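Structural description and commentary
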Amino acid sequence: MSYVDEVIERVIKENPNEPEFHQAVREVLDSLKVVVDANEEAFRKDALLERIVNPERQIKFRVPWIDDNGNVQVNTGYRVQFNSAIGPYKGGIRLHPSVNLGIIKFLGFEQIFKNSLTGLPIGGGKGGSDFDPKGKSDREIMSFCQSFMTELCKYIGADTDVPAGDIGTGAREIGYMYGQYKRIRGVFEGVLTGKGLSYGGSLARKQATGYGLLYIVEEMLKCKGDSLEGKTAIVSGAGNVAIYAIEKAQQLGAKVLTASDSTGWVYDPEGIDLEALKEIKEVKRARLTEYKNYRPNSEYHEGRGVWTVKADIALPCATQNELDLDDAKALVANSVKVVAEGANMPTTREATEYLQENGVVFLPGKAANAGGVATSALEMSQNSERLHWSFEEVDSKLQGIMINLFHNIDDAAKKYGFEGNYVAGANIAGFEKVVDAMNAQGIV
Ligand code: NDP
Ligand code: 2IT
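Residues numbered from 1 in each chain as written. Chains lettered and ligands numbered in written order. Predicted model: local features only at pLDDT ≥ 70, side-chain atom pairs only at ≥ 80, totals over all residues. Heavy atoms only, no water.

**Considerations on the overall build of the protein chain**
Looking only at helices and strands, the protein chain features 17 helices and 13 strands. The globule rule puts the C-alpha radius of gyration for 444 residues at 22 Å, and the 21 Å found for the protein chain is close to it. Dimensions of the protein chain along its principal axes, counting C-alpha atoms only, are 65 × 55 × 45 Å. Sorting the 444 residues of the protein chain into buried and exposed places 57% on the buried side. Considering only contacts in the protein chain between residues 6 or more positions apart, those separated by 24 or more positions represent 72%. (Helix = DSSP H or I, 4+ residues; strand = E, 2+ residues; numbered from the N terminus. Rg over C-alpha atoms; globule rule 2.2 N^0.38 Å. Buried < 20%, exposed > 50% of the residue type's maximum accessible area, 1.4 Å probe, protein only. Contact = heavy atoms within 4.5 Å.)

**Details of the site of ligand 2**
Around ligand 2, the structure places 14 residues, and the nearest of them are Lys90, Gln111, Lys114, Arg205 and Ser376. A distance of 2.8 Å separates an oxygen atom of ligand 2 from a polar atom in the side chain of Lys114. For ligand 2, an oxygen atom lies 3.0 Å from a polar atom in the side chain of Asn344. Within the complex, 93% of the 290 Å² of free accessible area of ligand 2 lies under protein. Mapped by element, the contributors of at least two residues to the shell around ligand 2 are β3 (89-95), α5 (101-117) and α15 (370-385). A class-by-class count of the residues in the shell around ligand 2 yields two nonpolar, seven polar and five charged. (Near = heavy atom within 4 Å. Polar contact = N/O pair within 3.5 Å; in protein donor to acceptor, adjacent residues only side chain to side chain. Areas by Shrake-Rupley, 256 points an atom, 1.4 Å probe, with all protein chains shown as cover. Nonpolar A, V, L, I, M, F, W, Y, C, P; charged D, E, K, R; others polar.)

**Focus on the sheet that holds strand β4 (residues 123-129)**
Across the sheet, five strands lie side by side as β1-β2-β4-β3-β5; this open sheet has mixed pairing. In this open sheet, the two strands that pair with only one neighbour each are β1 (57-66) and β5 (161-164). When the angles between neighbouring strand axes are averaged without regard to direction, this sheet yields 20°. Two elements, β3 and β5, share four bridges in a ladder whose sense is parallel. (Pairing = 2+ DSSP bridges. Axes fitted to C-alpha atoms, helices over the stretch in contact; angles between N-to-C directions.)

**A few points about the sheet that holds strand β10 (residues 299-302)**
Read from one edge to the other, the open sheet built from three strands follows the order β8-β9-β10, with strand pairing classed as antiparallel. The open sheet terminates on both sides in strands that have one partner only, identified here as β8 (258-260) and β10. When strand polarity is set aside, the average angle formed by the axes of neighbouring strands in this sheet is 20°. As defined by bridge partners, strand β9 (residues 264-267) adjoins β10 across four bridges and the pair is classed as antiparallel.

**Overview of the site of ligand 1**
Close to ligand 1 lie 26 residues, the nearest being Asp166, Thr209, Ser262, Arg287 and Asn344. Asp166 is positioned with one of its side-chain polar atoms (N or O) 2.6 Å from an oxygen atom of ligand 1. Taking Gly168, its main chain carries an N or O atom lying 2.9 Å from an oxygen atom of ligand 1. Against a free-state accessible area of 900 Å², the protein chains account for coverage of 83% of ligand 1. At the level of elements, α8 (205-223) and α9 (240-251) are the ones that each hand at least two residues to the shell around ligand 1. When the residues that make up the shell around ligand 1 are grouped by side-chain class, the tally is six nonpolar, 12 polar and eight charged.

**What to know about unusual backbone geometry**
Unlike most non-glycine residues, Ala204 shows phi in positive territory, near 75°. Relative to the helices and strands, Ala204 resides in the loop between α7 (171-185) and α8. Even without glycine at this site, Asn321 takes up a positive phi of about 55°. Structurally, Asn321 can be placed in the loop between β11 (313-316) and α12 (325-333). For Asn321, a relative accessible area of 29% corresponds to the partly exposed category.

**Brief notes about the state of the cysteines**
Inspection of the entire model under this criterion finds zero disulfides. Cys153 carries a free sulfur, and the closest cysteine sulfur to it, the one in Cys145, is 14 Å from it. The exposure class of Cys153 is buried, given its relative accessible area of 2%. (Disulfide = S-S within 2.5 Å.)

**Here's the deal with the nonpolar core**
One finds Ile216, Val217, Leu277, Leu315 and Leu363 to be the most contacted residues of the largest nonpolar core, which totals 52 residues. The element best represented in this core is α8, accounting for nine residues. When residues no more than four places from it in sequence are discounted, the contact partners of Val217 are Leu228, Ile313, Leu315, Ala340 and Leu363. Tyr3, Ile8, Ile103 and Leu107 belong to the second largest nonpolar core, which has 38 residues in total. (Core = buried A, V, L, I, M, F, W, Y, C linked by side-chain atoms within 4.5 Å.)

**Things to note about helix α10 (residues 274-283)**
Every buried residue of α10 is listed here: Leu274, Ala276, Leu277, Lys278, Ile280 and Lys281. The N-cap residue of α10 is Asp273: its side-chain oxygen and the backbone nitrogen of Glu275 are 3.2 Å apart. Looking one or two residues beyond α10, the residue adopting positive phi is Arg285, at roughly 50°.

**Let's talk about the side chain of Ser147**
Along the chain, the position of Ser147 falls in helix α6 (residues 138-152). Among residues more than four places away in sequence, those in contact with Ser147 are Val63 and Pro64.

**Focus on the packing of aromatic side chains**
A full pass over the atoms with the stated rule returns 13 aromatic pairs. Ring centres of Phe131 and Phe144 lie 4.0 Å apart, and the angle between their planes is 5°; on these two criteria the pair is classed as stacked. Highlighted residues: Phe131 in the loop between β4 and α6 and Phe144 in helix α6, separated in sequence by 13 residues. Both residues of the pair, Phe131 and Phe144, belong to the buried class. Members of the aromatic cluster, joined through ring pairs, are Phe61, Trp65, Phe131, Phe144 and Phe148. The residue whose ring lies beneath Lys248 is Tyr211, and the NZ or CZ to ring-centre distance is 4.4 Å. For the cation-ring pair, Lys329 lies above Tyr354, with the distance from its terminal atom to the ring centre recorded as 6.0 Å. (Phe/Tyr/Trp six-rings, centres within 6.5 Å; stacked < 30°, edge-to-face > 60°. Lys NZ or Arg CZ within 6 Å of the ring centre and 35° of its normal.)

Pasting the structure below:
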């Protein structure tokens with residue numbers, strides 16, 4: 001059995017009931033086979049892959065908080081500090097009832113290679129809780145965030161581990177967490193990113209993941225003599241990533257036909273009304289059913305269905321495994337040209353392979369959504385030098401990072417004989433830098 005297959009087998013055996021983690025490890029290690037096979041003896045001797053798939057540290061803790069009725073609620077908190085070879089652990093905090101250790105480990109594992117691809121000095125980590133922010137009052141959100149940070153603050157710091165937003169964690173939650181960190185630790189430092197602009201946040205961080213997604217798609221198209229101008233796009237999700245992906249797609253001349261949330265999706269033949277979407281989601285924190293009140297000619301559908309709409313470009317921006325084989329078949333039948341992942345692992349393995357086999361350009365999340373964490377690293381830089389950069393400065397750095405990232409994964413794919421396979425290119429390019437740093441630092 002090859003070294004890669006041996007390690008995959010061990011991961012499955014030693015981490016039972018963590019299917020998303022197995023899926024992420026399998027996808028990365030399978031595409032590393034060509035690199036690992038060429039170095040098998042050295043890697044095996046150093047147990048390099050075993051060290052890559054085992055987090056440096058995983059923290060699980062109780063989060064008690066008091067609801068508006070005076071009852072005590074208890075949730076579980078997690079922080080997985082996966083790999084610090086190239087910098088302090090960096091990655092978001094997910095607040096969603098589906099969160100468990102396996103989900104946080106899959107996200108933390110992906111984050112190692114994504115952060116490496118940004119070219120910036122950030123290691124991989126992720127955290128979260130099974131707390132559900134939906135329907136909670138501001139006071140309840142604050143109560144949870146303060147309790148969560150009371151424990152988490154023992155393990156993080158501007159030079160050790162810097163969390164940020166993810167599903168269910170936006171500017172409001174980051175603010176409450178930051179306040180509690182500062183109160184307990186007594187230091188005003190860049191320990192979280194995605195902060196408000198009045199206390200150390202970076203301009204363009206809010207937009208960065210969605211904007212970065214479109215910058216990489218535009219660069220890929222440019223290399224084929226094409227552009228986003230005049231294209232149609234379908235987007236899933238209606239959160240931070242989806243909203244700013246739609247905004248940039250529209251700015252670059254594309255027409256976005258859909259958005260979705262966990263209850264349903266909207267189809268707007270005239271193109272999504274972004275101001276309406278922002279008001280519904282960012283201001284009112286309401287459901288997409290409201291969209292029809294703003295756009296009577298749009299359609300609202302319960303459940304899933306975004307991927308049945310015909311378009312040139314599909315941008316999954318909601319959650320993991322939201323685009324499966326049947327969806328991929330529908331997209332191919334509708335002649336989709338590009339699928340680029342704004343979310344983390346939104347496309348199942350079977351769907352990814354089907355798309356690639358049918359000539360669809362596929363940009364994996366660890367490359368395509370890296371603009372968010374890259375801009376978080378820019379926020380860290382600004383915090384360190386106690387300065388603020390202008391929106392234009394941050395945005396142009398983000399654009400440069402995404403363009404470089406595209407060429408990096410494109411070159412890696414070509415170098416190893418997988419031209420046009422950006423899954424292989426991203427995994428290989430991300431891995432090479434981490435391995436180099438790990439080798440240089442000895443067996444730690
Ligand atoms: P938000 O919480 O802002 O938005 C998430 C969106 O996805 C919401 O519209 C939500 O619907 C929908 N959604 C969440 N879970 C499900 C589900 N189980 N089924 C269907 N729809 C769902 O999160 P973000 O926009 O920040 O994150 C979206 C994705 O992008 C995640 O995969 C995240 O890991 C990834 N990502 C985020 C980055 C960031 O900077 N924020 C950076 C890189 C990746 P509803 O409102 O009904 O819950
Ligand atoms: O998945 C991700 O890259 C994020 N949620 C952003 C992480 C960060 O540190 O900004």
